[in-house]
Amino acid sequence: MSNLDDGDLREALSEIQQYLSDRLAPLMVTDAMLYLLTQPPEAMISAIRDWLLAQVDETRPNATLSDYLFHAVRKIHLLGELDLVGREALGAYLEQLGQQLVMDCPEEDRELLCSNLARLGQSESSVVARVETLHRQPGAPGATAASAPATGSMSPAAERGLRRLEVLLERLSRHGVSSSSTPDGKKELGRRELLSQAIATAAASSSNSRELDYRLELLKKMGISPDNEKVFELLAGSLPGWNVEAERSSEASGKRPALSYSAEAMYRFVKMAKDSAESGKRFQELVYAAVRQFNGGMLSRSATMFGLATWIAEEKYLSPAVIDAVQTSAHGHLDEERLRKFAESPDKHLLLRRVLGFFSRFSPEGLLDDLWEEERRDRRRLKLALLQVHGGRARTACLERLESELLGESPANSYFIRNLIYLLRVIPRPEGEPVEPEIDLIVRASGRDSSLILIKEAIIYLGETKHTKAGAVLTGYLKSYEELLLNGAAPASDRLQLCGLLDRLAAALARLGTRNATTALIEHGLNRQPGLGITSARLVGLGTRDLSSHPEDVNRVLEALRSELPGKLLSRFVKTREDTLVHYIGALSGTPSVGVTDALTDLAKRFPKTKFGEAAARTLLSLHDASSRSTTGAAMTGDLEFFGLPHILQTLERASATGVLTLFYTNETVAAVIRMRNGKYKSCETERLKNEKAVYELFEKPFPGKFAFVDQGRVDDPDVNDPDPTLVDVVSLIMEGIRRYDEFQRARAVVPDDAILVASVGNAPLFEDETDRNLVDSVWERAMSGKTPSQIEADLSVDSFRVRRLLARWVEGRALSHSRGNNVIPISESQQVARKRA
C-alpha cells in the first residue's frame, strides 16, 4: 500500500471526497482518478470510510449505510460512463473496490448491494448526482424508481446549473481560458463569452457562500482568476445592451426587479462573500465596474449595475460606512462628457436616472445645492441637464427652493432663481397638479424691480404654461410696458430693453395660443404708434399656429393687409409698408382657411415682382405641402441599435400608436414588419417566421440596422366591450422576449452556432419545458444528420430559443456531446490529455 502521507495521494483522495459530495465536477477529478488507479484500492477505501463518517443526515431517515456505499461506487463508475477514465481499467479497479466495500456493509444488506453493484455496468446513466440527492438502491426500503431528494434539496433549475457549469468548464478547457488579447478578435470574444457564462452559472447555481467558494475554486483550477474586478467586467459584458423600461412596475412597488442571469450572478457574488469585509470589497468593485461601463458608453449595462447596487445598499446588510464611502466618492469618476451627452437625450433619461439615483450628490437636492454655488457656466448647464433627468422629483424640489429663496432674508441669487424658473418650465408638470400657486410664485420672482434676466425667463415660462392666468399675466405685462414707452416714463437708456421685452412678450403670447392672448397680440401688432418699435414684426410668431378657429382675429389681419396694399402709384410705395405686409403674411402663414388662401393667391398674382408678392407665393406653397403631409401619415425613423427594439415598442405603446414598424438590415433590406394598433402589438412577420415567435426571434438575435414607423392614425374600436382578441400588451411581449434572449445566450455558450453534435443515447429525451414531440424529434434528427445549431434553427419554423434550449439541455444531460471539428475536443479525448501526478 502506498504511503498515505504522500502529498499527491492526499490531494487526490481529498478531491475524490469532494466529488462524492458533488462539490467538484467529474472533469475536475479526472487527474486524481487516473493517479489513484495506479494505487492499491485500500487508499480509496480509507477515503470512502472517512467520507461516510460525515454523511450523517437526519433529513434522510430511510437512508442506510448500504445506500451510501452504492452512491460512492456509482459516482466513481460515472467517470467511466463519461469517458473521462478508461472503462476497462476502471472496471477492474471497481471490482476490487466493490468486493472490499461489501464487507463494510451490514450483513442483511449485502445481497442487495452486491446485486446493484453488478448491474452498474449494464446501464449508461448520464445524470450526475446532486449534492443533496442520495442515489438509493433499487429495492431498498423507502426507495423509489428515481433518486429521492432530501428535504431542502436543490431545485431542478439549480441542478441544471451545476450540469451547465460542468459543460462550460469542459468547453473552456479545450477552448482556452486566457482573456488576454489575441490577433483573432472573434475567438477572443468567444472566450470572454464563455468565461462570463461560466462565472454567471457558478454564482447562479450556488445557494450559499460555501457553495460559491467551491465553484470559484473550480474556475481557479481552470486558470481563471475570480478576482472581483475581472468577475464584474466579464459579467457586465454579457448584460443586454438594450434601453429597457420593464422595471417600472418593480420600482413603483418597491420590490427588487427580476434580474437577468448575469445581473443575478452579480447580486449573488456580492451577497455570498465569506464575510462582511469581502462583501464590502465586492460591492465597491461592482460600483466601479459600473462606472467603467458608463464611461465606455454602455448606459444600459451601467444602469442595470447601479440599480443593482442601489438595491443591495437598501437591503442594509452591508456596513453603512462602506456604502457611504462608495456613494460619496465614486460619482467623481463618472465622465462628465458622457453625463452631458446622455442627459441631452430624453430617451436615455430613465436609464440615466438609475445611475444618478445611486449617488446622494446627484439627487435633486444635492444638484440644487451645487447649482446655487456653481460659478462656471458649463458646469451649471450640466447640473441643469441632470436635474431634468430626475423629472417630477426635481420639479418638486425646485418649487420648494423657489419659495424658500423668495421668503429668505438675504438677497436672492438672481441666477439661481432664473435656473429654478427654467427648470419649472422644461420639466413637465405632473397631471392634476395645480398651476395657479406656481404662477403666483413666478410673478413674485419677476416683479418690475427684478433683474432683466429673471423677467425674460418668467415671460418664457408663462408663454409655455397653457393656462388663462398665465395669459392674463402676460397681457398685463404687455400693457404695462406699452404705457412705460408711450408716456415717456421710461428713461431713454431703458427704452431699447423695454422694446426687447415686448418682443419676448409677443413671442410668449403667440406660443400660449389662447383666444385672449391672440387678440391682445393682434391689437398690439396693429398698433402703429411711434415709440413701440416695429409692432407688425411681433405678429410673425402667430404663423406657427392655425388661427382658423379665431375668424375675427384672422379678418382683422386680412383687413390690415388690404389697407396697406399699394394703389396705382406702385413706384412710390414705401419700403416700410412693404415690410409690414410681409409681417402680416407671416402671421397668417399657418392658417389654411379659404379667406387666407384667396387673399394670398390674389397678392401673388397681382404683385409677383414685389417682396410681399413673393412671400405670398411661398406661403401658399408651404400651406399646400403641410396639407399633403397631414394626409399621408408621419414617419418615425432612427438607428435600431441605438434605440433598441424594446424602447421603440414602448414608445409606440405610450403614444397609443397605430401603424407599421419596419426594421431594416444595414444593407437596407427588410428584416421584419410589425403592425401596431392603438399601442398594442397586432402582428409580426420576418422572412422565416410569423406572429409572436417572429418577435421573439428579433429579441433573441438583435442586429444593427434602421427602423421606420408610419403612423396610420388612431383606430376606434366599434365596440369597446369586445376588443380585438389578437392584440397583445407590449410589456408582456417585451418581458418574454428579454427572458428568451437571456436564456438563449446561456444555451449558446453551451452549444455554439457551429457545433457538431453526436449522441450517446438512442432517442431524443423530453424535458418539462418542451413537450412538443414533433419539434423534439425534428431537432434531434437534424442534429444526428450533422447539422449545426444555426442550420437547425434556419430549417424550423420556431424561434431559435426553443431549438437551442433543447440542444443545450441534451448536452448538459450527456445525451449529446461535441464532436470533432468543433472548437471543443470531444469529452472522450480528455483521457488522452490527462496528466498523471505520480
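These figures come from a predicted structure and were not determined experimentally.

Account for the pairing of strand β5 (residues 670–677), naming residues and giving values.
Counting buried positions along β5 yields 6 of 8 residues, so the element is predominantly enclosed. Pairing analysis gives 6 bridges linking strand β4 (residues 659–665) to β5, with the strands arranged antiparallel. When the sheet's bridge partners are listed, L661 is paired in β5 with I674. Connecting β4 to the antiparallel partner β5 that follows it, the hairpin turn spans 4 residues, and E668 within it adopts a positive phi of roughly 75°. Where β5 meets strand β6 (residues 680–686), 6 bridges bridge the pair, whose relative direction is antiparallel. Opposite R677, over in β6, you have K680 as the bridge partner. With antiparallel pairing between neighbouring strands as the criterion, β5 and β6 make up a hairpin whose turn holds 2 residues, including N678 at a positive phi of roughly 50°.

Break down the confidence of the model for the protein chain for me, citing the residues and quoting the values.
The predicted model of the protein chain has a mean per-residue pLDDT of 80, with 81% of residues at 70 or higher. Every residue in residues 177–183 scores below 50 in pLDDT, and together they form 17 contacts with partners more than four places removed in sequence or on other chains. Note on residues 245–253: pLDDT is under 50 here. Beyond four places in sequence and across chains, it has 16 contacts.

Lay out the packing of helix α3 (residues 41–53) against helix α5 (residues 87–104) in plain terms, naming residues and giving numbers.
It is the contact of α3 with α5, at a shortest axis distance of 10 Å, that shows an interaxial angle of 45°. The orientation of α3 relative to α5 falls into the category oblique. In this structure, α3 meets α5 at a crossing whose hand is right-handed. In this structure, α3 contributes P41, E42, M44, I45, I48 and R49 to the contact, and α5 contributes Y93, Q96, L97, Q100, L101 and D104. In the contact of α3 with α5, the residues fall into 7 nonpolar, 2 polar and 3 charged.

I'd like to hear about the nonpolar core, residue by residue, with values.
In this structure, M33, F283, L352, L807 and W810 are the most contacted members of the largest nonpolar core, which totals 204 residues. A total of 10 residues in this core trace back to one element, the largest contributor, which is helix α25 (residues 492–512). For M33, the residues in contact, after removing those within four places along its chain, are I16, M44, I76, L79, V85, L90 and Y93.

Quick rundown of the pattern of salt bridges? Include the residues and the values.
What the rule picks out here adds up to 48 salt bridges. D772 serves as the salt-bridge partner of R802, at 4.0 Å between the closest nitrogen and oxygen. Of this pair, R802 sits in helix α37 (residues 800–812) while D772 sits in the loop between β8 (757–759) and α35 (773–784); the two residues are 30 residues apart in sequence, bridging distant segments of the chain. Where salt bridges share partners, they join R418, R425, E457, E464 and R511 into one cluster.

About the cut-offs
- Residues numbered from 1 in each chain as written.
- Predicted model: local features only at pLDDT ≥ 70, side-chain atom pairs only at ≥ 80, totals over all residues.
- Heavy atoms only, no water.
- Buried < 20%, exposed > 50% of the residue type's maximum accessible area, 1.4 Å probe, protein only.
- Helix = DSSP H or I, 4+ residues; strand = E, 2+ residues; numbered from the N terminus.
- Pairing = 2+ DSSP bridges.
- pLDDT = per-residue confidence, 0-100.
- Contact = heavy atoms within 4.5 Å.
- Axes fitted to C-alpha atoms, helices over the stretch in contact; angles between N-to-C directions.
- Parallel < 35°, antiparallel > 145°, perpendicular 65-115°, else oblique.
- Left-handed = near helix turned anticlockwise from the far one by under 90°.
- Nonpolar A, V, L, I, M, F, W, Y, C, P; charged D, E, K, R; others polar.
- Core = buried A, V, L, I, M, F, W, Y, C linked by side-chain atoms within 4.5 Å.
- Salt bridge = Lys/Arg side-chain N within 4 Å of Asp/Glu carboxyl O.

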